[in-house]
Amino acid sequence: MKPLTPSSVNSTSFGKLVTFPVDGFVVGHPLYLQGVNVPGQGVLNVVYVATMHDSVYAFDANTSNTTPLWMTSILNYSPAGATSVPASVKRGSATTGWSEVGIVSTPVTDPTTGTLYLVAETYESGNVVHRLHVLDVTNGLEVLGGPTTIAASYTLNGSTTTFQDLYQMNRPGLLLANGHIYIGFGSNCCDAYSQGWVLSYNATTLQQEGAYTTEPGKTLASIWQKGAGISADSSGNLYAETGPGYYAAGSNLSESVLKISQNGT
């Protein structure tokens, strides 16, 4: 895979080189890492692709070989009988047009540790479950003792709001900053019971170290951002945007741009 430069993007030489087959819709962006030491394959430049069928593929970026270097089904790290979530289970499926919901957002890689973080939805005994997974970029195996099941609550003025898996979707790409993985959530279309959430997990231990909802005690105010990830600045502040919902200054922040920070660990 060549970098996009004025010399490489022109009418005579720029065009599709190869099509890599995968097992489901690809909603998040592919990721690219240089110089990955793949067991039995050597040091390669690798493209990583996650699908709505809860699969992750690694492809050699510099050949037209469509055989993946490795493929990991997240279902292998889920309870027996787990599947991707049928779209009919989630609200708003007619709007998105998806047939299943699995890995929606763009994962994030840490080239220093050789790891790839992702959030996957699974359907288990009639329940929707979200988990944070960490894969070794060289072989696709789960590492760091993962996965960890996502759950959250947020208390404001004595009232507690609880994260509800059925109504939530991780649309924004994951953010790795200051030793934390930040995950944004919203609804699958504009439906009741969903809320905007930002969750923080320690990138090494996978323990939750922060939870914030944009609509405590209310609904909506989703963090979608068309799939773009939450942003961070050099001081560790986080930035996100919210969708429609109830607005009340200082507590319920729909149709807003947020600046928040990690308190404590």
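Data block above holds the structure.
What counts, and at which threshold
Residues numbered from 1 in each chain as written. Predicted model: local features only at pLDDT ≥ 70, side-chain atom pairs only at ≥ 80, totals over all residues. Heavy atoms only, no water. Pairing = 2+ DSSP bridges. Helix = DSSP H or I, 4+ residues; strand = E, 2+ residues; numbered from the N terminus. Axes fitted to C-alpha atoms, helices over the stretch in contact; angles between N-to-C directions. 1 Å grid on protein atoms, 1.4 Å probe; cavity = no way out; pocket = protein on both sides within 12 Å on 5 of 7 lines; lining within 4 Å. Points joined across faces, edges and corners; volume = space filled by probe spheres on them.

**Some points on the sheet that holds strand β13 (residues 175-177)**
Strand-to-strand pairing in sheets goes through backbone hydrogen bonds, with the strands running parallel or antiparallel. Strand order in this open sheet of four strands is β13-β14-β15-β16, and the pairing throughout is antiparallel. Each edge of the sheet is formed by a strand with only one pairing partner; in this case those strands are β13 and β16 (208-213). Pairs of neighbouring strands in the sheet enclose a mean axial angle of 20 degrees, with direction left out of account. Where strand β14 (residues 180-185) and strand β15 (residues 197-202) come together, six bridges link them in antiparallel fashion. Across the sheet, Ile183 pairs through a bridge with Leu199, a residue of β15.

**Side note on the layout of surface pockets**
Roughly 190 Å³ of volume is contained in the second largest pocket. Along the walls of the second largest pocket sit 13 residues, with Gly210, Ala211, Tyr212, Ser261 and Gln262 positioned nearest its centre. Within the residue set of the lining of the second largest pocket, elements represented by two or more residues are β15, β16 and β21 (257-261). Counting residues per element, the lining of the second largest pocket draws most heavily on β16, at four residues.

**Observations regarding the sheet that holds strand β4 (residues 70-73)**
The antiparallel open sheet is built from four strands, whose spatial order is β1-β2-β3-β4. Lying at the two open borders of the sheet, with one neighbouring strand each, are β1 (31-38) and β4. Strand-to-strand twist across the sheet, computed as the mean angle between neighbouring axes with direction ignored, equals 25 degrees. Of the pairings in the sheet, the one linking strand β2 (residues 42-50) to strand β3 (residues 55-60) comprises five bridges and is antiparallel in character. For Tyr48, the partnering residue across the bridge sits in β3 and is Ala58.

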